[in-house]
Amino acid sequence: MATKKSGGLLSDLRLNFFPSSVSYYVMRLTGVALVVYLFAHIYSLHGIVETARTGNPHDGITTWNRMVGAYDSRLGHVVEYLLLLAVVYHMFNGLRLIVIDWLELTQRQAKMLYATVLGMIAVCALAAPAFFPEIFGRAG
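Cut-off values and rules
- Residues numbered from 1 in each chain as written.
- Predicted model: local features only at pLDDT ≥ 70, side-chain atom pairs only at ≥ 80, totals over all residues.
- Heavy atoms only, no water.
- Helix = DSSP H or I, 4+ residues; strand = E, 2+ residues; numbered from the N terminus.
- Buried < 20%, exposed > 50% of the residue type's maximum accessible area, 1.4 Å probe, protein only.
- Contact = heavy atoms within 4.5 Å.
- Areas by Shrake-Rupley, 256 points an atom, 1.4 Å probe, with all protein chains shown as cover.
- Patch = residues over 30% accessible without salt bridge, like charges linked within 9 Å, V, L, I, M, F, W, Y side chains within 5 Å.
- Salt bridge = Lys/Arg side-chain N within 4 Å of Asp/Glu carboxyl O.
- Core = buried A, V, L, I, M, F, W, Y, C linked by side-chain atoms within 4.5 Å.

Asker: Explain the overall build of the protein chain here, please?
Answerer: Across its full length, the protein chain carries five helices and zero strands. Secondary structure elements of the protein chain occur, N-terminal to C-terminal, as α-α-α-α-α. In the protein chain, buried positions account for 24% of the 140 residues. Within the protein chain, contacts between residues at least 6 apart in sequence are counted, and of these 63% link residues at least 24 apart. By element, 69% of the accessible surface of the protein chain is carried by carbon and sulfur atoms, the whole surface being about 10400 Å².

Printed below as a string of structure tokens:
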């Protein structure tokens, strides 16, 4: 007997557009993004440590300054801010899921998702001036 093939992620979201399913997919997306970032971060730091270990320690400082200089741009600040968004969403949504499982309040998932999003917006709005000082009129 042949099984019917799924239409994929977008088809599933279109057919099952509920706050909990959207929350699930965003949680998965942020989780994957954070794992990719973690490995990229470890790889970058490993390169700096190896440069300092194999040669003059001053070479490690130069490599560090070059890497930090590459991130000290508008694109670098946007990427860092997206990282903050991913971390905050993943954190608040994880806490929401823990509370739901602990209190068994599945009927309140939508309200808790909205509280998660509002908490995420508040944290990120407060952090935005630190990431984009030129937009908020502060010298960086």
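Structure shown, so let's carry the discussion forward.
Asker: When you look at a nonpolar patch on the surface in this model, what are you seeing that I'm missing?
Answerer: On the surface, L45, W64 and V68 cluster together into a nonpolar patch covering about 240 Å² of accessible area. Residue placement: W64 occurs in helix 3 (residues 57-71).

Asker: Which parts of the structure should I look at to understand the environment of R96?
Answerer: Following the sequence through the fold, R96 ends up in helix 4 (residues 74-103). In sequence terms R96 and T116 are 20 residues apart; their C-alpha atoms lie 7.1 Å from each other.

Asker: Looking at this model, I keep getting lost on the nonpolar core. Mind explaining?
Answerer: Membership of the largest hydrophobic core is limited to 10 residues, which are Y81, L84, V88, Y89, M120, C124, A127, A128, F131 and F132. With residues near it in sequence (within four places) discarded, Y81 still touches C124, A125, A127, A128, F131 and F132.

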